[in-house]
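Reading the structure
So the chains spell out like this:
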Amino acid sequence: MEYNFNEIEARWQQFWETHNVYQVEIQQDKPKCYVLDMFPYPSGAGLHVGHPLGYIASDIYSRYKRLKGFNVLHPMGFDSFGLPAEQYALETGQHPATTTEKNIKTFKEQLRKIGFCYDWSREIRTSDPSYYQWTQWIFLKLYNSYFCNTQQKARPIQDLISKYELRGAMPAQGDPVEGVHFTAEEWNNFSPEQKEEKLMRRRLVYSAEGEVNWCEALGTVLANDEVVNGLSERGGHPVVKKKMRQWYLRITAYAERLLQCLDTVDFSESMKDMQRNWIGKSEGAEVEFSGATFEGKIKVYTTRPDTIFGVDFMVLAPEHALVTDITTADQRGAVNDYLSYVKTRSERERMAEVKQITGCFTGAYVLHPFNGKKLPVWISEYVLAGYGTGAIMAVPCGDQRDFSFARYFNIPITNILGSHFNGEEANPGDQIELVNSDFLNGYTKKEAVPLAIEALEKINQGKRKVNYKMRDAGFSRQRYWGEPFPVLWKNGTAYPMNESELPLLLPHVDHYSPGPEGQGPLANITEWVNIDAHTKRETSTMPGFAGSSWYFLRFMDPQNKETFCSTEASDYWNQVDVYIGGTEHAVGHLLYSRMWTKVLFDLGLIQHDEPYKKLVNQGMIGGVSEKIYRIGLNQVEEDNSYVGNSSNNMIIKWKSDINGLPIVLFPDENEEINYYLFNLSADLDISQYETSVIRTSLNMVSESILNIEKYFEGKNNKSRYEIMLCKDGYYDSRRERWFDYEKKPIEPLKFMTFQVQEKMSKRYGNVVNPDDVVIKYGADTFRMYEMFLGPIEQSKPWDTKGIEGVHRFLKKLWRLFMENGKSVWTTETPTRDELKTLHKTIHKIEQDTAQFSFNTAVSAFMVCVNELTELKCHKKEILDSLLILLAPYAPHIAEELWHQTGNTGTILDAAYPVFDAQYVQEDSKVYPVSVNGKLRTNIELSLTASPEEVQEVVLKDSVIQKWMEEKPLKKFIFIPGKMINVVV
RNA sequence: GCCCAGGUGGCGGAAUUGGUAGACGCAGCAGACUCAAAAUCUGCCGUUCGCAAGGAUGUGCUGGUUCGAUUCCAGUCCUGGGCACCA
């Protein structure tokens, strides 16, 4: 029997399916392991070879843990709500449910062929009502919860209501603020709407006004990545910020816990850094500046309260609430002008033009809290309303932006840094002893910050304050293909639906264009929206991250109709032990699902507050694109030798000489030509040309040589003329043949392309479909090759060249069992050498698999098979163990050979071989011996030899003596089991 | 600008805590088998000097620590990823 991988793989895939070998149930007596891949979105493009990288890794790990005796949960499902399906529906009129269904089918078929061990009986889809019922249910839980600041956890909103009824909401100290605080009596007299309004300020999902990207021409709201340079990606229409009522997820309440708990999870440091960065915790102070020209005060947030004596002015965000109140009569005109200027500026522009300094004086002054100095109050777009208090104290000598601002508007600068400030640029250093700073003189930042805060607290003008950069997450989308909100609106107040009324089904729509006033398509179904004269449904839907924030829990108990996930299941399966996916979800999905988990934990619905114990990030597999150089067509030579314009595809004139390189003499001057392209072979010195780079398709290039016929296939535009320039000649596309530079016909030359690594994408024509690889080499080869490519977390290009080697390895393995179609394996007793090879491999594979070092594991397999081949080992005892080690990596061939040697059942139920150190012990070692650190020779020595014996033998060695050149021995370094160094 | 990761043959990449740099594979070269091809097998394969034995040199660059540095330290350059008027 030959290694017929296609036949073998199909057979075992069938076997695993019919015997349900991957189906798992709770087994209390067995340790569990939960291995999860990041939820894929079933895009229409299907899988390319980059996608399965993580899936293969998780599959190997799952099978490994199973062989090690764990009850392994390894499910797969689909994040099937989302924008692309809706976009496709908009274009083709096909219902997203239909296309999604089709895409999932393709996806599953592709996954099946690679032989993954998913328990498909647990498959879930976020767009399935039996799933989103529970997404809506959790939404209601979030809605009906608030974050208790005292206990730092989520609690039922009812607790808050009880508290308000008893004690109201009064400040711990100081005077109550109008509109914020209220007494119990006031609360009890509030109307239901007023109460709702107060509660909405505490709910974990809440409704509020927010800004969206509004595109008037398309009549719709756009996602950030649909907006390019202030214009819509489709159609290039202007996009403006528009205020609209939105739902928000109060993730900021969890900022501190999300930050703290990072210490308890096993994520890569860079991943943690990204999350820390996003949360953006900073410690500083809130400082109050009393108005000198107006009643009231301005609050600022600063991380550098130590520089308080360097404050020369204040800057408010133009949107700051106080701006209109404090502006003086004579500055009102200027301020209004500036405000209308800011309104014309998109957020993008405000962020892009860093160098242009703008601002306006309000005419108002505040008083310095310590020295009473009058400080002017400015407004400027460089201060953002959404961060801190929307106001800053400007310290020009220490902050570059403040410095530039002061300079531009001629505001005098106070120097509190002495000689460390040169008057030319700000010095933000924090190791500088302060001067000119009253009671802070002589201190550096570290001591001055607490002193400054203490002093501010004493005069009641400031306090220590922790700030977070993170914002609440927008939770509504003006779209169709998502979860409907279980919320009713009555006279502008939101009322949640009852849990028993769930699921609120997504109604069918006939078309997917937006509703009126920027609402989602659901707004068009008036009979669904309008329940009665006063009651309307919410018309937006939930974002993609709603369904994916808790799916790992549903996998534990996917068919449960009573609850989102039974306690029995969530207690047993608990955290995801290993979560594998790309870094693109570093901040979004991971933070949201961490937050949801914490809320569910706080409400006592699950017993753990972090979803993922360990996170493994797979690198991207880049596609290799073959490109060619093209002479920039807009080039005009001094002698007008050619003039081109790529936009209207016209070349007006052409003369022979291009900068002296291989001279091209083209067509007769009187030949009528209206389109020229000059392509350059990569082996030309292209540095002297002004070139652009164009892409070719993979199917027209092999080994970086362009197939000219294929390249011109389908380009039947006769008026289009392409000249392919090589070193020794050129190809003329109209004459369809090669010429040398004397214009004499010649044999075909090689036109070289060059490779560029870029994202694998259908658009780039560099997509490699795993199906093709599987047909040609088999799933086992494909799996092992993807792992062999390099460390899992590293990005690397896909290059099919190396796959042969892995395939050869499997064939070589096969020959240990079968040769010329006959079994050659035996039941003889293994020799010591054979056992040594085996146990060395057991040790290495186990270690590498456990720490996700799959590339080195594949190498170790190769080494093992090479050695066994060398030893002519065909012994079942050795080979069976090897098969078990290999089963996670190449499950089909392992299963096949496992049965060939007479075993029954699936190899997945075998016991993992146990490493025995006695087989790999050596009694001597060939030591590298260096003289003065330079390796000179190797000497074999017994491992039991004493240092004295070793020294004696080594110093007698003729090579060593030669290199010692009779110099006296200074030091003798002997590291047992490692090396020897003779120092003279 | 800030934060993180990484620079090793023609290529993908290996190298425990500082201890033989280049495992394994690809590509290449030479050979065996074959009418031939495929498949398979054997040998060579960083650079350089040398017929060889053997030497010199070599992990982005410049220094340092050490008997010994791809590994540790300082500086520097480059590449990739993330964040960015964030006070």
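Residues numbered from 1 in each chain as written. Chains lettered and ligands numbered in written order. Predicted model: local features only at pLDDT ≥ 70, side-chain atom pairs only at ≥ 80, totals over all residues. Heavy atoms only, no water.

1. Structural notes on the overall build of chain A
- Broken down by element type, chain A carries 30 helices and 40 strands.
- Residues counted as buried form 51% of the 984 residues belonging to chain A.
- Here the contacts in chain A between residues at least 6 apart in sequence split such that 69% fall between residues at least 24 apart.
- Accessible surface computed for chain A: about 46100 Å², of which carbon and sulfur atoms make up 49%. (Helix = DSSP H or I, 4+ residues; strand = E, 2+ residues; numbered from the N terminus. Buried < 20%, exposed > 50% of the residue type's maximum accessible area, 1.4 Å probe, protein only. Contact = heavy atoms within 4.5 Å. Areas by Shrake-Rupley, 256 points an atom, 1.4 Å probe, with all protein chains shown as cover.)

2. Here we look at helix α3 (residues 83-92)
- Of the residues making up α3, those classed as buried are A85, E86, Q87 and A89.
- For α3, the secondary structure elements touched by its buried residues are α4 (96-113).
- The positive-phi residue at the C-terminal boundary of α3 is G93, with phi of around 80°.

3. Description of the packing of helix α25 (residues 832-850) against helix α26 (residues 854-870)
- Where α25 meets α26, the closest approach of the two axes is 9 Å, and the angle between their N-to-C directions is 170°. In terms of orientation, α25 and α26 fall into the roughly antiparallel class. Packed against α25, whose contacting residues are T837, K840, T841, K844, I845, D848 and T849, the element α26 presents F854, T856, A857, A860, F861, C864, E867 and L868 at the interface.
- Among the residues making up the contact of α25 with α26, the classes are represented as seven nonpolar, four polar and four charged. (Axes fitted to C-alpha atoms, helices over the stretch in contact; angles between N-to-C directions. Parallel < 35°, antiparallel > 145°, perpendicular 65-115°, else oblique. Nonpolar A, V, L, I, M, F, W, Y, C, P; charged D, E, K, R; others polar.)

4. Considerations on the pairing of strand β9 (residues 240-249)
- Here 10 bridges tie strand β5 (residues 205-215) to β9, and the two strands are oriented antiparallel to one another. Bridge pairing in β9 links S207 to W247.
- In the sheet, β9 pairs with strand β17 (residues 473-474) via two bridges, with the strands oriented antiparallel. If you follow L249 over to β17, its bridge partner there is A473. (Pairing = 2+ DSSP bridges.)

5. Remarks on the confidence of the model for chain A
- Within chain A, residue pLDDT values average 84, and 88% of them lie at 70 or more.
- When the criterion is pLDDT under 50, residues 633-674 qualifies, and its contacts beyond four places in sequence or with other chains add up to 90 contacts. (pLDDT = per-residue confidence, 0-100.)

6. Remarks on the side chain of N981
- Relative to the helices and strands, N981 is located in strand β40 (residues 979-983).
- Among the polar contacts made by the side chain of N981, one reaches the main-chain amide nitrogen of G933 at a distance of 3.0 Å.
- What N981 contacts, discounting residues up to four positions off in sequence, is S930, V931, N932, G933, K971, F972 and I973. (Polar contact = N/O pair within 3.5 Å; in protein donor to acceptor, adjacent residues only side chain to side chain.)

7. Topic: the sheet that holds strand β19 (residues 493-496)
- One open sheet holds the three strands; their spatial order is β19-β18-β20, and the pairing between them is antiparallel. Whereas interior strands pair on both sides, the edge strands pair on one side only; in this sheet they are β19 and β20 (535-537). Across the sheet, the axes of successive neighbouring strands diverge by a mean angle of 35°, strand direction being ignored.

8. Brief notes about the protein's contact with RNA strand B
- Neighbouring RNA strand B are 46 residues, the closest being T303, R401, L789, R808 and N981.
- Backbone atoms, meaning sugar and phosphate, make up 61% of the atoms of RNA strand B lying within 4 Å of the protein.
- In this structure, a base nitrogen belonging to RNA strand B sits 3.4 Å away from a side-chain N or O atom of S859.
- Among the residues forming the surface near RNA strand B, the class breakdown is 20 nonpolar, 11 polar and 15 charged. (Near = heavy atom within 4 Å.)

9. Quick notes on the packing of helix α23 (residues 779-788) against helix α28 (residues 891-900)
- Close contact between α23 and α28 brings their axes to 7 Å; oriented N to C, the two are set at 130°. Taken together, the axis directions place α23 and α28 in an arrangement best described as oblique. Contacts between α23 and α28 involve A779, D780 and R783 from the former and P891, H892 and I893 from the latter.

10. Some points on the sheet that holds strand β39 (residues 971-975)
- Reading across the sheet, the four strands line up as β38-β37-β40-β39 and stay open at both edges, with mixed pairing between neighbours. A strand with exactly one partner marks an edge of an open sheet, and here the two such strands are β38 (934-942) and β39. Direction aside, neighbouring strands of the sheet carry axes that sit 20° apart on average.
- Two strands pair when backbone bridges link them, and β39 and β40 are joined in this way by five bridges, in the antiparallel orientation. Residue I973 lies in a different strand from β40, and its bridge partner there is N981.

11. As for the pattern of salt bridges
- Within this structure, the stated rule accounts for 43 salt bridges.
- Of the charged contacts in the structure, one is a salt bridge between E197 and K198, with a shortest N-O distance of 3.9 Å.
- We classify E197 as partly exposed; its relative accessible area is 38%.
- Across the salt bridge formed by R401 and D399, the nearest N and O atoms sit 3.9 Å from each other. (Salt bridge = Lys/Arg side-chain N within 4 Å of Asp/Glu carboxyl O.)

12. Here's the deal with unusual backbone geometry
- P503 follows L502 through a cis peptide bond whose omega is 0°.
- Inspection of the secondary structure assignment puts P503 in the loop between β19 and α16 (526-529).
- With a phi close to 55°, D438 is a non-glycine residue in the positive phi region.
- Within the fold, D438 resides in the loop between α14 (400-408) and α15 (445-458).
- With relative accessibility at 53%, the residue D438 sits in the exposed group.
- Here K872, not a glycine, exhibits a phi torsion of approximately 55°, which is positive.
- Along the polypeptide, K872 turns up in the loop between α26 and α27 (876-886).

13. Some points on the nonpolar core
- Core analysis: the largest hydrophobic core is formed by 87 residues, its most contacted members being M784, L813 and Y889.
- When residues of this core are assigned to their parent elements, the largest contribution, nine residues, is made by α26.
- Built from parts of two domains, this core gets at least three residues from each of domain 1 (24-138 + 545-620) and domain 4 (764-913).
- Membership of the second largest hydrophobic core comes to 69 residues, among which are M200, M470, F485 and F552. (Core = buried A, V, L, I, M, F, W, Y, C linked by side-chain atoms within 4.5 Å. Domains from an automatic or database assignment.)

14. Examining the packing of aromatic side chains
- With the rule as written, the count across this model stands at 63 aromatic pairs.
- Centroid distance W247 to F485: 5.7 Å. Interplanar angle 20°. Geometry classified as stacked. Of the two residues, W247 is situated in strand β9 and F485 in the loop between β17 and β18 (487-490); the sequence distance between them amounts to 238 residues.
- Here W247 falls in the buried class, since its relative accessible area comes to 0%.
- According to the relative accessible area criterion, F485 is buried, its value standing at 0%.
- When the centroid spacing of 4.7 Å and the interplanar angle of 80° are considered together, the rings of Y572 and W573 count as edge-to-face. In this structure, Y572 and W573 share a single accessibility class: buried.
- Here a set of aromatic residues connected by ring pairs shows up, and it is made of F139, Y143, W247, F475, F485, W489, F545, Y592 and W596.
- One Lys or Arg, K65, reaches over the ring of F70 and ends 4.1 Å from the middle of that ring. (Phe/Tyr/Trp six-rings, centres within 6.5 Å; stacked < 30°, edge-to-face > 60°. Lys NZ or Arg CZ within 6 Å of the ring centre and 35° of its normal.)

15. As for the environment of L339
- Within the secondary structure, L339 sits in helix α12 (residues 332-343).
- Residue L339 is classed as buried on the basis of its relative accessible area, which comes to 18%.
- In this view, L339 contacts P318, V323 and I379; residues no more than four positions away in its chain are not counted.

16. Observations concerning the state of the cysteines
- Across all of its chains, the model carries zero disulfides by this definition.
- In this structure C873 is not part of a disulfide, and its nearest cysteine sulfur, from C864, lies 8.6 Å away. (Disulfide = S-S within 2.5 Å.)

17. With respect to the side chain of D848
- With respect to the helices, strands and loops of the structure, D848 is situated in helix α25.
- Judged by its relative accessible area of 3%, D848 falls in the buried class.
- Separated by 2.9 Å, the side chains of D848 and T856 make a polar contact.
- When residues no more than four places from it in sequence are discounted, the contact partners of D848 are S853, T856 and A857.

18. Digging into the environment of F854
- Topologically, F854 is positioned in helix α26.
- For the pair F854 and I792, spaced 62 residues apart in sequence, the C-alpha separation works out to 7.3 Å.
- F854 has contacts with A57, I60, M787, T849 and Y889, leaving out every residue within four places of it along the chain.

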